[in-house]
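Fold and geometry: a report
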Amino acid sequence: MRGEGVAFHPVEEDDLEFLQELINHPEVRQGINATQPTSMADEREWFESEDHDGFLVSADGDPVGTIGFTDVIETWGTAEVGYFVHPDHWGNGYATAAVERMVTYGFEERRFGKVWARVFGYNDASMRVLEKVGFEREGRLRGQAFADGERVDSLRFGLLAEEWDGSD
């Protein structure tokens, strides 16, 4: 799949080293609250499981991040979108382009009625990505998570298929 300035492909075994480095990067781990380092064995176990819908995101042929659907409920037509981009590539619009393309895929090809995401209250950049794509903030779970030694809010964002205008 291709989006504005990005391309995706399903995660392949050759991508695991980059993905392990990515999820273990301190700035990425903070944003997704990965409390434990991920080993290559952990990454391989995730890859070999059938419980993921992950894609590698690349720009100009170089890997920059990952995106995928989790918590897919086919009977409801809903899925959570999760994404992260390596800090070396922040500020280039890759996350926004990837989320836009993934949402298009979800609505047009997977026939979801809703795509949603959750973000920690301190992750302003991720909130901006979702809002640029058209997501609406649906709620705040106060003190829902524990990150960096303190309780933090978790915000929920959602986008309905009938609200989506993929022509942008």
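The rules behind these values
- Residues numbered from 1 in each chain as written.
- Predicted model: local features only at pLDDT ≥ 70, side-chain atom pairs only at ≥ 80, totals over all residues.
- Heavy atoms only, no water.
- Core = buried A, V, L, I, M, F, W, Y, C linked by side-chain atoms within 4.5 Å.
- Buried < 20%, exposed > 50% of the residue type's maximum accessible area, 1.4 Å probe, protein only.
- Helix = DSSP H or I, 4+ residues; strand = E, 2+ residues; numbered from the N terminus.
- Contact = heavy atoms within 4.5 Å.
- Pairing = 2+ DSSP bridges.
- Axes fitted to C-alpha atoms, helices over the stretch in contact; angles between N-to-C directions.
- Polar contact = N/O pair within 3.5 Å; in protein donor to acceptor, adjacent residues only side chain to side chain.

1. Details of the nonpolar core
Ile67, Val99, Val103 and Phe135 are the most contacted members of the largest nonpolar core, which has 34 residues in total. Those elements giving two or more residues to this core turn out to be strand S2 (6-10), strand S3 (53-59), strand S4 (62-73), strand S5 (78-85), helix H4 (94-109), strand S6 (114-120), helix H5 (124-133) and strand S8 (150-160). Aside from chain neighbours lying at most four places away, what touches phenylalanine 135 is Val81, Val99, Val103, Val115, Trp116, Ala117, Leu130, Phe157, Gly158 and Leu159. Of all hydrophobic cores here, the second largest spans nine residues; its members include Val11, Leu22, Ile23 and Val28.

2. As for the sheet that holds strand S1 (residues 2-3)
With respect to topology, eight strands assemble into an open sheet ordered S1-S2-S3-S4-S5-S6-S8-S7, the strand pairing being mixed. Only two strands of the sheet have a single partner each, and these edge strands are S1 and strand S7 (136-147). Here seven bridges tie S4 to S5, and the two strands are oriented antiparallel to one another. For threonine 66, the partnering residue across the bridge sits in S5 and is phenylalanine 84. Contacts from helix H1 (residues 16-24) reach S3, S4 and S5, with the element oriented near 80° to S4. In this fold H4 packs onto S1, S2, S3, S4, S5, S6 and S8, with an angle of close to 35° to the strand it touches most, S4.

3. Some words on the environment of arginine 111
With respect to the helices and strands, arginine 111 occurs in the loop between H4 and S6. A relative accessible area of 62% means that arginine 111 is categorised as exposed. For arginine 111, the side chain forms a polar contact with the main-chain oxygen of glutamate 108, separated by 2.8 Å.

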